[in-house]
Amino acid sequence: MVTTQIARKINNTNFGQISGNAVYEAKRSLLNWLGVAIGAANHESMDKVLNVSKLMESTPQASILGRNEKADMLFAALLNGMSSHIYDFDDTLLETVLHPSSPVFPAVLSYSEYKKKTGKEVLEAFIIGCEVQARLALAVYPSHYWRGWHITGSVGGIGAAAAMSKLLGLDEEKTSFAIGIAATDPTGLREMFGTMTKPYHPGKASMNGMLAAFIAGEGFTSSKQALEAERGFINVLSEEAKMELLTDNWGDKWEIEKNSYKPFASGIVTHPAIDGIIAIQRAHNLKAEEVEEIYITGHPLVKELTGKIDFNTGLEGKFSVFHCVAAGFLHLKAGVNEFTDDFVNKPEVKALRTKIQLTIDENIKEDQVRLTVKLKDGRELSHFVEHAIGSMDMPMTDQQLIEKFKDVTGSIISEEAKELLIDQVYRLEEIEDLERFFQLCTPVESASHI
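The rules behind these values
Residues numbered from 1 in each chain as written. Predicted model: local features only at pLDDT ≥ 70, side-chain atom pairs only at ≥ 80, totals over all residues. Heavy atoms only, no water. Phe/Tyr/Trp six-rings, centres within 6.5 Å; stacked < 30°, edge-to-face > 60°. Lys NZ or Arg CZ within 6 Å of the ring centre and 35° of its normal. 1 Å grid on protein atoms, 1.4 Å probe; cavity = no way out; pocket = protein on both sides within 12 Å on 5 of 7 lines; lining within 4 Å. Points joined across faces, edges and corners; volume = space filled by probe spheres on them. Nonpolar A, V, L, I, M, F, W, Y, C, P; charged D, E, K, R; others polar. Domains from an automatic or database assignment. UniProt positions renumbered as here; feature names shortened; annotations may be inferred. Helix = DSSP H or I, 4+ residues; strand = E, 2+ residues; numbered from the N terminus. Pairing = 2+ DSSP bridges.

Visitor: What should I look at first to understand the packing of aromatic side chains in this one?
Guide: Both the distance between ring centres and the angle between the ring planes are used here to describe each pair of aromatic rings. A complete count under the given rule lists 7 aromatic pairs for this structure. With centroids separated by 5.2 Å and ring planes inclined at 85°, the aromatic side chains of F437 and F438 adopt a geometry described as edge-to-face. Chaining the aromatic ring pairs together yields one cluster made of W33, F105 and F126. Just above the ring of Y145 sits the side chain of R190; from NZ or CZ to the centre is 4.4 Å.

Written out as structure tokens, the structure is:
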């Protein structure tokens, strides 16, 4: 019984059995996740959900990162999961396009703040939760994704439940119940991409996984074959049945070691094209009026996930490779500011987008692209991206992640707080009391202690 086997592995795995490289990558994941969560804390969608938590008179148990308010653990998990995915700037396991941190860290940190868990316990729970959701994603991919499920939401709740089961110290049976409860509550349709509901997916998954573990801990039951049964998660939600991927070689390697980080605030499949147009621009410093056409040749997922042409919001722009290339051409970057409503509606940006064409080549890999810029004077400038920055073959360095963290958090927290948080993240397993960590995540205006 696969669900029971996974529960046993969660129960029997401890921090000392996890490789040093997996722990290191988990800390890089935390720094990246923390930055994008704080950076989007004041987005209007956060205000809307926070208003509901106030309506419900949510008990202030855990921090809303980057804000003054607190909420109960469940709402904090929802809100922090949302904020970390709003800019679409969080981490990605490229084999399945799963964003591993946004469903798991919010639950783990909300509970850890309220119950005063240690940094080592945070890392242990996250790595185990990530392992479960990443293996499950591999087991149901690609049909699950092509059916229209947002895989981060649908498997993320199970990852959060696994992580929370470890933090709560649930026994094997109750852990299997937690997995089953989370499995019956998958979240996320790809139809929602480009709307406020997309970042809601990992937040709700985090909330669902936390609730599943809490009620399982009270003895609430579920099927012990929730994943593998004929009418269980895998067989209902996919055409694959790669059950062996869920448990084989557990502990020999860790899926978190494959994690990748985004240098650009858009769908991961747009990154090679952005990388390519920036390379051309840095070499030639072109003006938009010189361009006749720009040709993109990329992987089929580029069109499937980021083929939007007509739109007027920054959120939708994240799912338009045409806009992403226009942003890279004009600004030599594609960060938070390039995906505002104002920027996507600028006349010069819209005009450049109309000059961009996309062709699909099934022989091109997901992290590759061929860019050709045809100029009005007859010249053609081409560039082939073998591996985009941020991919497994060209990962972001620690220094690049630190610079991204500082940039995306902006003026929300102080410069001193940023430096202290970076230090704490990279030695998290040594920290027994995380109170200071959460204090450093509060806004400058309320952070008199910094």
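What follows picks up the thread again.
Visitor: What is the right way to look at empty space enclosed by the protein in this model?
Guide: Left-over empty space is what a probe sized like a water molecule reveals as it rolls over the atoms. In this structure the tally under the stated criterion is 4 cavities of 30 Å³ or more. By volume, the largest cavity amounts to about 100 Å³. Considering the residues around the largest cavity, the lining is formed by 13 residues, among which V97, H99, Y145, K198 and G267 are closest to the centre. In terms of residue class, the lining of the largest cavity is built from 7 nonpolar, 3 polar and 3 charged. Built from parts of two domains, the lining of the largest cavity gets at least three residues from each of domain 1 (2-261) and domain 2 (268-385). Empty space within the second largest cavity amounts to approximately 60 Å³. Taken together, L93, L94, E95, T96, A134, L138, E255, K258 and M392 form the lining of the second largest cavity.

Visitor: Can you help me understand the UniProt feature "domain: MmgE/PrpD N-terminal" (unreviewed entry) in the chain in this one?
Guide: Look at the UniProt record and you will see "domain: MmgE/PrpD N-terminal" (unreviewed entry) annotated at residues 5-244. Taken end to end, residues 5-244 is 63% helix and 2% strand, and its two terminal C-alpha atoms sit 11 Å from one another.

Visitor: Got a minute to help me understand the pairing of strand 3 (residues 291-298) in this structure?
Guide: Pairing of strand 3 with strand 5 (residues 369-375), which is carried by 6 bridges, proceeds in the antiparallel orientation. By the bridge assignment, I296 is partnered in strand 5 with L371. Note that strand 3 and strand 4 (residues 356-360) share 5 bridges and pair parallel. For G298, the partnering residue across the bridge sits in strand 4 and is I360.

Visitor: Got a minute to help me understand the UniProt feature "domain: MmgE/PrpD C-terminal" (unreviewed entry) in the chain in this structure?
Guide: Taking the UniProt record as the reference, the feature "domain: MmgE/PrpD C-terminal" (unreviewed entry) is found at residues 264-425. Along residues 264-425 one finds 43% helix and 16% strand; the C-alpha atoms at either end are 22 Å apart.

Visitor: What exactly am I supposed to notice about the layout of surface pockets here?
Guide: In this structure, the largest pocket spans a volume of roughly 530 Å³. Together, 23 residues line the largest pocket, and F89, P263, K333, K404 and D407 are the ones closest to its centre. Where the lining of the largest pocket is concerned, the elements lending two or more residues are helix 12 (271-284) and helix 18 (398-409). Here the lining of the largest pocket gets 5 residues from one element, more than from any other, and that element is helix 18. Residues lining the lining of the largest pocket come from more than one domain, with at least three contributed by each of domain 1 (2-261) and domain 2 (268-385).

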